[in-house]
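The primary structure of each chain is shown beneath.
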Amino acid sequence: VITADTVLSAVLDQDYDAVILPGGEPGTTNLQNSDLVLDIISRHFRQGWVVAAICAAPRIFAAMGILNGKKATSYPATKKAMVNCDYSEELVVVDGNVLTSRGPGTAMLFGYTILERLGLTDMSIKLKQGMVFS
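Below: a short report on this structure. The shown structure was predicted, so the numbers you read here are calculated from the model rather than taken from an experiment.

### Quick notes on the overall build of the chain
Assigned secondary structure in the chain consists of 5 helices and 6 strands. Ordered by position from N to C terminus, the α and β elements of the chain give β-α-α-β-α-β-β-β-β-α-α. Its C-alpha atoms give the chain principal-axis dimensions of about 40 × 35 × 30 Å. The burial tally for the chain puts 40% of its 134 residues in the buried class. In the chain, the proportion of contacts linking residues at least 24 apart, taken out of those at least 6 apart, comes to 50%. Counting only carbon and sulfur atoms, one obtains 55% of the accessible surface of the chain, whose full area is about 7600 Å². Taking the average place of the 11 positive charges on the side chains of the chain and the average place of its 13 negative ones, the gap between the two points comes to 6 Å.

Spelled out as structure tokens, the structure:
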């Protein structure tokens, strides 16, 4: 059982080093239908902070226009929703402050890449070694 520490509306005005969207359904649809979530994503993207999404969730960025002219990826079944971007089948794609990844099998690489974008390369390396990733 996972219990939230707070509700989103209580932390709406806070800034974060990264906003990371998990994929899957119906979670992706629920995130996309939340004005609070969209506001947080939009603000962080405009400020140049890291916004990241994996699996089906990159389609939210596409719908918001965040991916316009950017290179991005997603779960293969959501490719049609990835409009106005340079779609890639790479496991993880970084374009500026936007990170996207393909799905569950790419989650570890996605996590390491997020750490590296946040300036935590040493931590990424340590975790990779501990997980026998590289």
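Okay, back to it.
### Let's talk about the pattern of salt bridges
Applying the stated criterion across every chain, the model contains 6 salt bridges. Close ionic contact of Glu90 with Lys71 constitutes a salt bridge, the shortest N to O distance being 2.3 Å. Remark: Lys71 occurs in strand S3 (residues 71-72) and Glu90 occurs in the loop between strand S4 (86-87) and strand S5 (92-95); sequence separation between them is 19 residues. Note on Lys71: relative accessible area 30%, which makes it partly exposed. Across the pair Glu89 and Lys79 runs a salt bridge whose closest N-O atoms are separated by 3.9 Å.

The rules behind these values
- Residues numbered from 1 in each chain as written.
- Predicted model: local features only at pLDDT ≥ 70, side-chain atom pairs only at ≥ 80, totals over all residues.
- Heavy atoms only, no water.
- Helix = DSSP H or I, 4+ residues; strand = E, 2+ residues; numbered from the N terminus.
- Buried < 20%, exposed > 50% of the residue type's maximum accessible area, 1.4 Å probe, protein only.
- Contact = heavy atoms within 4.5 Å.
- Areas by Shrake-Rupley, 256 points an atom, 1.4 Å probe, with all protein chains shown as cover.
- Lys, Arg positive; Asp, Glu negative; His and termini not counted.
- Charge placed at Lys NZ, Arg CZ, Asp CG, Glu CD.
- Salt bridge = Lys/Arg side-chain N within 4 Å of Asp/Glu carboxyl O.

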